[in-house]
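Listed below, chain by chain, are the residues.
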Amino acid sequence: MNHQTNKNRLYEALGQIVVSFKALEQALEAIIYCCMEISPAQVRILMNSMSFSTKVTTMESLLRELHAGDELGKLSITLQEFIERCTYCERQRNEWVRSYWIPELEADAGMVRRLSSQLVSGDAELALEIIHLAELESFVLCLNATVTYLQAFHHKLFLSFERVQGPEHFQRYLRTQLCVGNDAC
């Protein structure tokens, strides 16, 4: 019974990580879009070709450029913390999602196994590692909190400086469909 419960919790946690990370990516896109004065279609095309880390860098440079003449004060510290947290989230998401999980092996309740590559005497070897499912589930909470904080940061930027569009403008961006060639949109 533990085996099936662990397997279900693993797949649920991995699915939630993917969905929550996409929400984090969209929160970054919202800030980028609301900093730019171009059409939603142009930004959608631009965002499609960007990696997550490029979106983080773009958000930072746009915000610093918009506020170059002003002292951001505590918001500058907050921005730097978001950059570090986004970098951590991407690294951790990649590690969890790109792992080779082996939920079929018998494990105690709340634990699963995965293959991991470890350096031993300069050589890479595969090892079976036990992971507590609570780690993955906690990471989902971390991702969701980051999304919430980033959205609040966007709102604070809008209210404090009025140099970025409000978060509600992002809905227009989300509704914009990408069309290629002769696609009927």
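Residues numbered from 1 in each chain as written. Predicted model: local features only at pLDDT ≥ 70, side-chain atom pairs only at ≥ 80, totals over all residues. Heavy atoms only, no water.

## Digging into helix H3 (residues 52–66)
1) Next: Its 15 residues give H3 an end-to-end C-alpha distance of 21 Å, which sits within 8% of 21 Å, the value for a rise of 1.5 Å per residue.
2) Next: Listed in full, the buried residues belonging to H3 are Phe-52, Lys-55, Val-56, Thr-58, Met-59, Leu-62 and Leu-63. Within H3, the buried residues cover an arc of 165° as seen down the axis, which keeps them to one side. (Helix = DSSP H or I, 4+ residues; strand = E, 2+ residues; numbered from the N terminus. Expected span 1.5 Å × (residues − 1). Buried < 20%, exposed > 50% of the residue type's maximum accessible area, 1.4 Å probe, protein only. Arc of directions from axis to C-beta.)

## Looking at the packing of aromatic side chains
1) Next: For the coordinates displayed, the defined rule picks out 4 aromatic pairs.
2) Next: Here the aromatic rings of Phe-21 and Phe-52 are separated by 4.5 Å at their centres, their planes lie at 40°, and the arrangement is tilted. Taken together, the residues Phe-21 in helix H1 (residues 2–35) and Phe-52 in helix H3 connect sequence positions 31 residues apart. We note that Phe-21, like Phe-52, is buried.
3) Next: Between the aromatic rings of Phe-82 and Phe-153, the centroid separation amounts to 5.2 Å while the plane-to-plane angle is 50°, which identifies the pairing as tilted. Of the two residues, Phe-82 is situated in helix H4 (residues 74–97) and Phe-153 in helix H5 (residues 133–161); the sequence distance between them amounts to 71 residues. Each of the two residues, Phe-82 as well as Phe-153, counts as buried. (Phe/Tyr/Trp six-rings, centres within 6.5 Å; stacked < 30°, edge-to-face > 60°.)

## Details of the packing of H4 against H5
1) Next: Interhelical geometry of H4 versus H5 gives an angle of 150° and a closest axis separation of 10 Å. Of the possible angle classes, the one that applies to H4 and H5 is roughly antiparallel. As for how H4 packs across H5, the hand of that crossing is left-handed.
2) Next: Each residue belonging to the contact of H4 with H5 can be placed in one class, and the counts come to 16 nonpolar, 3 polar and 4 charged. (Axes fitted to C-alpha atoms, helices over the stretch in contact; angles between N-to-C directions. Parallel < 35°, antiparallel > 145°, perpendicular 65-115°, else oblique. Left-handed = near helix turned anticlockwise from the far one by under 90°. Nonpolar A, V, L, I, M, F, W, Y, C, P; charged D, E, K, R; others polar.)

## Topic: the pattern of salt bridges
1) Next: Enumeration according to the criterion identifies 6 salt bridges in this entry.
2) Next: Where Glu-137 meets Arg-9, a salt bridge forms, and the shortest distance between an N and an O atom there is 2.7 Å. You can see Glu-137 sitting in helix H5 and its partner Arg-9 sitting in helix H1, a full 128 residues away along the chain.
3) Next: For Glu-137, a relative accessible area of 28% puts it in the partly exposed group.
4) Next: In this structure Arg-9 comes out as partly exposed when scored by relative accessible area, which is 29%.
5) Next: Glu-95 is paired through a salt bridge with Arg-114; the nearest N and O atoms lie 2.8 Å apart. With Glu-95 in helix H4 and Arg-114 in strand E2 (residues 111–120), the pair connects residues that are 19 residues apart, well separated along the chain.
6) Next: On the basis of relative accessibility, which here comes to 36%, the residue Glu-95 falls in the partly exposed class. (Salt bridge = Lys/Arg side-chain N within 4 Å of Asp/Glu carboxyl O.)

## Notes on the sheet that holds E2
1) Next: With antiparallel pairing, the 3 strands of this open sheet are ordered in space as E1-E2-E3. Whereas interior strands pair on both sides, the edge strands pair on one side only; in this sheet they are strand E1 (100–102) and strand E3 (123–132). Pairwise comparison of adjacent strand axes, ignoring direction, gives a mean angle of 35° for this sheet.
2) Next: Sheet analysis places E2 next to E3, joined by 10 bridges and oriented antiparallel. Along E3, the bridge assignment pairs Arg-113 with Ile-130.
3) Next: Where H5 meets the sheet, it contacts E1, E2 and E3, and its direction lies at approximately 80° from that of E3. (Pairing = 2+ DSSP bridges. Contact = heavy atoms within 4.5 Å.)

## Focus: the packing of H3 against H4
1) Next: Contact pair H3 / H4: the axes reach a minimum separation of 10 Å and the direction vectors enclose 175°. Taken together, the axes of H3 and H4 lie roughly antiparallel to each other. In this structure, H3 contributes Phe-52, Ser-53, Val-56, Met-59, Glu-60, Leu-63 and Arg-64 to the contact, and H4 contributes Ser-76, Leu-79, Gln-80, Ile-83, Cys-86 and Glu-90.
2) Next: A class-by-class count of the residues in the contact of H3 with H4 yields 7 nonpolar, 3 polar and 3 charged.

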